[in-house]
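Next come the chains, spelled out residue by residue.
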Amino acid sequence: MRTFIIARYLIRRLLHAVLVLFAVASIVFFLGRVVGDPVRIVLGVEVPEERVQAVRDQLGLNDPLPVQYIRFVSGALVLDFGDSFWQKVPALPLVVERLPATFALTGTVFLMAVPLGIVLGTLAALRPDSILDRGISVFSMLGVSMVDFWLALMLILFFAVQLGWFKTSGYGGFQYIMLPALTLAVQPFGRVAQITRSAMLDQFDLPHIGVARAKGLRERRIVFLHAMKNAAVPIVTIAGDTITSVLNGSVLIETIFAWPGVGQLTLLGLGRRDLPLVEATVFTIALLVVIVNLVVDLSYAYLNPKIRYQ
Amino acid sequence: MATQTARLQPTIESSSGPQGIALALRVIFADPITFTSVLVLLIVVIMATSANILAPHDPALQNLRLRNQPPMTASVSDVTFPHVLGTDQLGRDILSRIIFGARTSVVIGLLTTAISGVFGSALGIIAGYYGGWIDDLIMRMVDIVMSIPSLLFALLLLFIVGPGFWNLVLALAAFRWMLYARIGRGQALNYRNSPFVDAAVAIGSSDAGIIWRHILPNVASPLIILATTEVAILILAEAGLSFLGFGLQTPSVSWGGMINSGRPYIATAWWISAFPGLVMLVTTLSLNLLAATLRSVADPVQRGRWLNRQRPHRNRNRR
Amino acid sequence: MHKYILVAVVAVLMTALQPVQAQESVLTVAVASEMTSLEGYLASSEANCNGCINVVEPLVTRDFETGEMVPYLATSWEIVDDNTLEFTLREGVTYHDGSDFNAESVAAYINYVYDPANGLPASDSLTNVITAEVVDEFTVRIVAENADPILLQKMYTVNLESGQLITDSLDEYPTTLVGTGPYMFEEWRRGEQISFVANPDWWGNDDPEAARGAIAFDRLVYRFIPDDTVRAAAAQAGEVDIAQFVTPDACEGAADLDDVRCESLASVETMFMRMGNGGFMSDIRVREAMILAVDKELIADAIMGGTATVTGQIVIPVTTGYNPDLPPYPFDPERASALLEEAAADGIDVGQPITIASREGLHPRHDEVAEAVAAMLAEVGFNTSVEVLPPDVFNPTWSSYSDDPDQPGNWIAVHLHGNEVLDLYFSGIRYFGCDGSSSLYCDEEVDAMWEAANMLSGEERDLALREVAAVAYNDFGNGIIAHLNFSYLVSEGVAWQPQLDHRIQAKEAAPAS
């Protein structure tokens, strides 16, 4: 019976995810058809009108919108978004080959922000108003109030040019990933620490923690046995949000650091009015977000039986 | 978010302590950080509303011979105010541009927050109050829009409609309404089944009347707190869009645009981007700090802790 | 994730192994934009195909010191008539795919790529359609559809890829590059870099003089770093040997650095206000006022940091048709105001709104130039506003404006024009001709002069073009501002100087001794 409930829940969530993806793809399709004029960008200024029309025909942009939409949907079903206008090869593989860079960056930011944020947030909650607590508050407040591209340039000028510790830009190992990851990690770290702190504080005020305290259990045990388990839900939520916010910020930060991820490709695709490419990138990013949300939802169900499988 | 909405929050009405303006004043003066934040925001609002009076120079007046001058450079004629914060790449007075930029940034922040807040809250409250398919439809919409990262979505929209003040406001608003909808819905769900709503239904009040009189006052406080942080996020988002080439066009002056146009000079004329950056940082920081205070005050558990913060023995008791 | 781990492992291994390994010499270049594809016809412009000029080569090239066309893959040529050139090809040259370079391969390549029916815009950039005919194994004829006295000069932009690539594996044309050059295409990692390796069998190894350079590096890496500040920072941090198109500020800053120098050189790009003589600008006083109101020296010195040279002509001095007797337009705001008042007194609405437009990302500082021009025009009494537009909005407006008779002439673009063929006729018909694709200027007399000059060649052509240039100049057709320099940060470890065409050719660079 239990397996049945879990299976039904899973299937519902999956169907929901597919619906969301389909809707996102359709929105981008319809937005895309009214976006500027891709052909003019591809061909440049000095091209006669007949050539423009010929290319529009060739790309199928002169067909009625419903025809284009049906062609788009039937392609999207088999993950074929057509050839990139710009690079003249299938669009989705172009996005897929950018995924390792995006995963590497997202993963590094996640590792920098989330474990550290949880640990420091918990420590802050244990000693409210201590120097650590105030320090974390100030840092996280500064983090969410900072203009990210300005921070990025400052980090480059200081750590890469002045000190020479890291590379200014480019794709590679530790020396290359540190600065973009640092830029992107500042905000999520602050948020994770803040949320952990307040979630833990809430837990400390609840009666069963008081009971545990009264029983004379060691503080550390109290923290990990009781508070942590219950505070996990908001922490998981914010950890999931971290991934989404990195995918979001990556459009800008990947461009500055010349990091060849999906964000950079998205901006290039938009700039060149490359409809198939934009469709493929937005679809891929939405897919990642949907997967992260699915994982977050499933862990809610695991962490908090009350909201399990409703 | 999930827990915030899932947890039943007592209404402000039901909690004890000072109310209204008395509460607000006590909150502001209770804590130097909050006091400073409010002061900063007041100054920004004054800058925005009376830029013409305050600015020592015409923000658009160029003087190429005085370009990239460091702070405290004397102005062309001796009678006028010196360029206290230096001049930018076209020799325009940075202080005056910051003062005029406050207008743009504040208006974009407030207007966008108002539009997205009203739209999102209304949808959320409707979803939570009516439930059923309306709820499903609205929340699916929220899920869908939330699956596209917000900056990317705003970019997509701006690519279609092109840059411009209203386009910018609408594109930003279009991707910031979902959180209000989620919070509004969660809150509305909580109060939908509360005794006073049941009572109002029993005496035959209309849905609109119930939402207006009973639901809205109760859900307002988390929404206002969210709106405060949103203003900060939107001021920063305008800067991000400037970087990507979708900010406001000249002659509009905005802080984000100023930071971005000073970007190539970061190594040689740092003041062009540093001062607007600093002003933006202080403003968004103040908004975030104010939101944190509001959050503590609105939360009954933290509120007592917060208002009694001055008494050190409480902390000792906690240990 | 795999690739990342792999990169990390390889990085660690490489550091560990470095002392043992023989040092591979690499030239690393930071470029501003990434190519759209590897179609060989893009290679003639560095911005369209980064580093590709190291792989593919033309039949003839240009000596920038003399301005003459010189033999390259062709050892000699003969001008058969106005439409036809006959080239004698270099023997013993092979493509990187192993196939032989001969008339047949040249014809196979040109007849595909330059045929408009195949949908490639290659022929547009030539403003003519060319075909190739095999005469014998090492003799090929290039035939132009329309009479073209400067067909030879245009051949400088025609770079050749393997004919076998076209006949056997056409699908790969956009994704690979198979030429005869000193470096072979290795890998294009999108969003990151394109790399090339030295070609041990390059024909130039035996004849460095004819090849105008030598192979000095084992490998070339062109990294795509779009942000101006970061690209300069990469050179300062020693991560790249050459950083392309840096801002004048970065150049000034380099004066204080030991490891990096700035190389700045004039380019064919000319910054100008595209005005024309339509709308209220049909009045010559309005046009003259507009040009006199702009302080070109100040723009060149202050905004461009001295990396621009004020000029009165749309082409650079080595160009056929450049008229040495035409100085830069003066800066005279008083006269401009007076002219404007005169025109206003004659009932011309001089206060009508004018837009000063520019295209995003045109070159560093172009947006500031547009703003400065708008302010200077406003100073003498024009009613200006500024628009910096994305390419897809700018381009159609720019090119179709002249077709629309209802549009008044008050959309003034501050733009660049680069005449790479070094013949004024191209610039002339485009910006000072009634049918010019970007022209707002129309004068039938001038048009007739352009066409007459185009029938001539050699000295006569030069003189005839100079004459038209003077007529257009005195009619204030377009507001010419300055020739732009392009600047590079170059590591002191590398000997290299930019050329007028601003291609970064590795055969012209070497490790500094």
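Right above here is the structure, for reference.
A few points on the structure. Each residue is numbered by its place in its chain's sequence as written, counting from 1. Working convention: letters from A go to chains and numbers from 1 go to ligands, in the order in which they are written. Residue-level local features of this predicted model are given only where pLDDT is at least 70; pairs of side-chain atoms are given and counted only at 80 or more, and the full residue set underlies all totals for whole chains, interfaces and linings.

**Re the overall build of chain C**
Under the DSSP-based scheme used, a helix requires at least four consecutive residues in state H or I and a strand at least two consecutive residues in state E, with every element numbered from the N terminus. The secondary structure content of chain C amounts to 16 helices and 21 strands. For the radius of gyration, the atoms used are the C-alpha atoms, and the globule rule reads 2.2 Å times the number of residues raised to 0.38. By the compact-globule yardstick of 24 Å for 513 residues, chain C fits well, its C-alpha radius of gyration being 24 Å. Projected onto the principal axes, the alpha-carbon positions of chain C cover approximately 80 × 55 × 40 Å. The buried share of chain C, taken over its 513 residues, is 51%. For chain C, restricting intrachain contacts to residue pairs at least 6 apart in sequence, the fraction spanning at least 24 positions comes to 69%. Any residue surrounded by 20 or more other C-beta atoms within 10 Å of its C-beta is treated as buried, while 12 or fewer makes it exposed and the intermediate range makes it partly exposed; C-beta atoms here are placed from the backbone. Distance between backbone-placed C-beta atoms decides contact: two residues are in contact if it is within 7 Å.

**Considerations on the interface of chain C and chain B**
On the chain B side, the residues contacting the 19 residues of chain C number 16 residues. Among the elements of the structure, α7 (228-236), α8 (248-254), α10 (296-303), α12 (366-380) and β17 (383-389) of chain C are those that each provide at least two residues to the side of chain C that touches chain B. Ranked by residues supplied to the side of chain C that touches chain B, first place goes to α12(C) with 4 residues. Three classes are used, and their members are as follows: Ala, Val, Leu, Ile, Met, Phe, Trp, Tyr, Cys and Pro are nonpolar, Asp, Glu, Lys and Arg are charged, and the others, Gly among them, are polar. For the side of chain C that touches chain B, a count of residues per class yields 10 nonpolar, 3 polar and 6 charged.

**Some remarks on the sheet that holds strand β7 (residues 130-136) of chain C**
Residues and elements named next belong to chain C. At least two DSSP bridges between two strands are required for those strands to pair. Pairing is antiparallel across the open sheet formed by 4 strands, whose spatial order is β5-β6-β8-β7. Two strands bound the open sheet, and with one partner strand each, they are β5 (74-81) and β7. For this sheet the average axis-to-axis angle between neighbouring strands, irrespective of direction, equals 25°. With respect to the sheet, helix α2 (residues 103-113) is in contact with β6 (84-89), β7 and β8 (139-144), its orientation differing from that of β7 by roughly 165°. Axis definition: a line fit to C-alpha positions, over the contact stretch in the case of helices; interaxial angles, taken between N-to-C directions, run 0 to 180 degrees.

**Quick notes on helix α7 (residues 150-161) of chain B**
Residue and element names in this part refer to chain B. Between its terminal C-alpha atoms α7 stretches 17 Å, which fits the 16 Å expected from 12 residues at 1.5 Å a residue. Burial analysis of α7 places 9 of its 12 residues in the buried class, which makes it a mostly covered element. Listed in full, the buried residues belonging to α7 are Leu151, Leu152, Phe153, Ala154, Leu155, Leu156, Leu157, Leu158 and Phe159. A positive backbone phi angle near 85° is found at Gly162, which sits one or two residues after α7. One fewer than the residue count of a helix, multiplied by 1.5 Å, yields its expected span.

**Digging into the pairing of strand β14 (residues 260-274) of chain C**
Residues and elements named next belong to chain C. Judged from the 11 bridges that link them, β14 and strand β19 (residues 479-491) form a sheet pairing that is antiparallel. Within β19, the residue paired with Met271 across the bridge is Ala482. Of the strand pairs in this sheet, β14 and strand β18 (residues 411-418) are connected by 6 bridges, and their pairing is antiparallel. Bridge pairing in β18 links Met271 to Leu416.

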